[in-house]
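Residues per chain are reported as follows:
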Amino acid sequence: MNWSKDDTFSFYLDEFMDDKEDRKKIPVYSGVINYFPDAIKEVAKCSYAGQQQHNPDKPLAWDRSKSGDELDALMRHLIDAGTMDTDGVRHSAKVAWRALANLQKEIENEI
């Protein structure tokens, strides 16, 4: 299944826009961003570095054709957690990015 960010976003809007109480059960800011602001910034830096590596001439976007082994890549970076990769990005940020990518794909496969 090929999903765009708009398809996934639309699904969640359709699913939860009508129910205020359900929307409150998904505290994106207060339950994630507010808890981990520095970590989220590091993951964003990782996204940008990956874009510069794989598609520097294009706008920031997840090129899924170059991202298919999330769990293997996650483990390779986990081995070096606590250190910087050769591109200046923390291995731990790459672990988090790969974990998010894997989770996103799992969710999309269920929709």
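The notes below deal with the structure included here. Since we're looking at a predicted model, the values are computed, not measured.

For the protein, the helix and strand inventory stands at six helices and zero strands. The secondary structure elements of the protein, listed N-terminal to C-terminal, are α-α-α-α-α-α. Here the analysis covers contacts within the protein between residues at least 6 apart in sequence; of these, 55% occur between residues at least 24 apart.

So, about the side chain of Lys105. Relative to the helices and strands, Lys105 is located in helix α6 (residues 91-110). Overall, Lys105 belongs to the buried group, its relative accessible area being 19%. Residues in contact with Lys105, not counting those within four places in the same chain, are Trp62, Arg64, Ser67, Gly68 and Glu70.

Taking 1.5 Å of rise per residue, the 20 residues of α6 would be expected to cover 28 Å, and the 29 Å separating its terminal C-alpha atoms lies within 8% of that figure. For α6, the full list of buried residues reads His91, Ala93, Lys94, Val95, Trp97, Arg98, Ala101, Asn102, Lys105 and Glu108.

Within the largest apolar cluster, seven residues are counted, these being Val43, Cys46, Ala49, Val89, Ala93, Trp97 and Ala101. Among the elements of the structure, α4 (37-54) and α6 are those that each provide at least two residues to this core. With sequence-adjacent residues up to four places away left out, Ala101 is seen in contact with Trp62 and Glu70.

Parameters and conventions
Residues numbered from 1 in each chain as written. Predicted model: local features only at pLDDT ≥ 70, side-chain atom pairs only at ≥ 80, totals over all residues. Heavy atoms only, no water. Helix = DSSP H or I, 4+ residues; strand = E, 2+ residues; numbered from the N terminus. Contact = heavy atoms within 4.5 Å. Buried < 20%, exposed > 50% of the residue type's maximum accessible area, 1.4 Å probe, protein only. Expected span 1.5 Å × (residues − 1). Core = buried A, V, L, I, M, F, W, Y, C linked by side-chain atoms within 4.5 Å.

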